[in-house]
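Structural characterization, general
Below are the chains, spelled out letter by letter.
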Amino acid sequence: MSTLGIIGAGNIGSQVARAAIGAGYDVVIANSRGPETLADLVAELGPKARAASAAEAGEAGDAVVVTVPLHAIAQVPVEPLAGKVVLDTNNYYWERDGRIPALDAGETTTSQLLQEHLPTSRVVKAFNHIPAADITTDTAPAGTPGRRALAVSSDDPEAVAVATRLYDELGFDAVDVSPLSESWRVERDRPAYVVRQTAEELRANLDRANRLP
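Residues numbered from 1 in each chain as written. Predicted model: local features only at pLDDT ≥ 70, side-chain atom pairs only at ≥ 80, totals over all residues. Heavy atoms only, no water.

1. Some words on the pairing of strand S2 (residues 26–30)
The following threshold applies: Only protein chains enter the accessibility calculation, which uses a 1.4 Å probe; a residue is then buried when its area is under 20% of its type maximum, exposed when over 50%, and partly exposed in between. Helix and strand assignments come from DSSP, with helices taken as H or I runs of at least 4 residues and strands as E runs of at least 2, each series counted from the N terminus. One bridge is not enough; two strands pair if DSSP finds at least two bridges between them. Looking down the strands as they point away from you, a crossover is right-handed if its path from the first strand over the helix to the second goes clockwise.
The buried count for S2 comes to 4 of 5 residues, which makes it a mostly enclosed element. Note that strand S1 (residues 3–7) and S2 share 5 bridges and pair parallel. Residue Ile6 lies in a different strand from S2, and its bridge partner there is Ile29. Where the polypeptide runs from S1 across helix H1 (residues 11–22) and back to S2, its parallel neighbour, the crossover connection is right-handed. Two elements, S2 and strand S3 (residues 49–51), share 3 bridges in a ladder whose sense is parallel. Considered in S3, the bridge of Val27 is made with Ala49. Between the parallel elements S2 and S3, the chain passes through helix H2 (residues 39–45) in a crossover that is right-handed.

Here it is as structure tokens:
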């Protein structure tokens, strides 16, 4: 994997772009307003980044990060992501997204909703429970005591492997909480959400989570 497509250029998307470029990746990044609005970000990121449409970012990426508001996932292009590993950073903020009864009732997860929208892609939950700024600052080489850990969840083992490898290259340990139906354990308002934790601490927080917080 040498090119990362990123659909969504907000706080998480731009930080993942910075981190990925630092790890040697090329990045193709898109937002909802058009490539021309990303000129300043691409200039900052340097020659290994370019702006594109969402479809172009999806086509270009060996793997693709989708980091758009939950209410906007229907706008994520389907065909350009067919067969690809899609890293989903989403969280459910009903104040922003409106009420989604199936989520309120604990009947599905945010990543399962994206998987339903992208039936031919391999969705993996990633980067959803870390503050954006920490993606480039709270990192450490593998084996460092106290290294921060992030959860990964998917119905596809290869997707888990891709996200785990990316985490490691960016400076994080990974804890697998597959399948996607278990990814609620790291969603908003659970013990593992946006707190700094090692792999051991993350496993404990995942075990402590309640389905309906």
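After that view, the rundown keeps rolling.
2. Let's talk about the pattern of salt bridges
For the record, the criterion: Criterion for a salt bridge: a side-chain nitrogen of Lys or Arg within 4 Å of a carboxyl oxygen of Asp or Glu.
Inspection of every chain in the model, using the stated rule, returns 16 salt bridges. Notably, a salt bridge pairs Asp88 with Lys125, separated by 3.9 Å at the nearest N-O pair. Here Asp88, found in strand S5 (residues 85–88), pairs with Lys125, found in strand S6 (residues 122–125); they are 37 residues apart in sequence, far enough to count as distant. Looking at Lys125, the relative accessible area reads 1%, which means it is buried. Between Arg122 and Glu158 there is a salt bridge, with the nearest N and O atoms lying 2.6 Å from each other. Taken as a pair, Arg122 in strand S6 and Glu158 in helix H7 (residues 157–170) lie far apart in primary sequence, 36 residues in all.

3. So, the pairing of S6
Taken together, the 4 bridges between S5 and S6 define a ladder with parallel strand orientation. If you follow Val85 over to S6, its bridge partner there is Arg122. Bridge count for S6 against strand S7 (residues 149–154) is 2 bridges, and the pairing is antiparallel. Its bridge partner lying in S7, Val124 is registered against Ser154.

4. Describing unusual backbone geometry
Residue Ser178 is joined to Pro179 through a cis peptide bond whose omega torsion reads 0°. Checked against the element boundaries, Pro179 lands in the loop between strand S8 (173–176) and helix H8 (199–208). In this structure, Phe127 is a non-glycine residue whose phi angle is positive, near 60°. Note on Phe127: relative accessible area 1%, which makes it buried. Located in the positive-phi region is Asp189, a residue other than glycine, with phi close to 75°. Here Asp189 is to be found in the loop between S8 and H8. The class for Asp189 is exposed, based on a relative accessible area of 54%.

5. Focus on the environment of Arg190
Where we set the bar: By definition in these notes, contact holds between two residues if any of their heavy atoms fall within 4.5 Å. N or O atoms within 3.5 Å of each other form a polar contact, as long as, within protein, one can give a hydrogen and the other can take it, and as long as residues adjacent in sequence are counted only when both atoms are side-chain atoms.
Looking at where Arg190 falls in the secondary structure, it is placed in the loop between S8 and H8. Using a relative accessible area of 11% as the deciding quantity, one classes Arg190 as buried. Apart from residues lying up to four places away in sequence, Arg190 is in contact with Trp184, Arg185, Ala209, Asn210, Arg211, Leu212 and Pro213. One polar contact links the side chain of Arg190 to the main-chain carbonyl oxygen of Asn210, over a distance of 3.2 Å.

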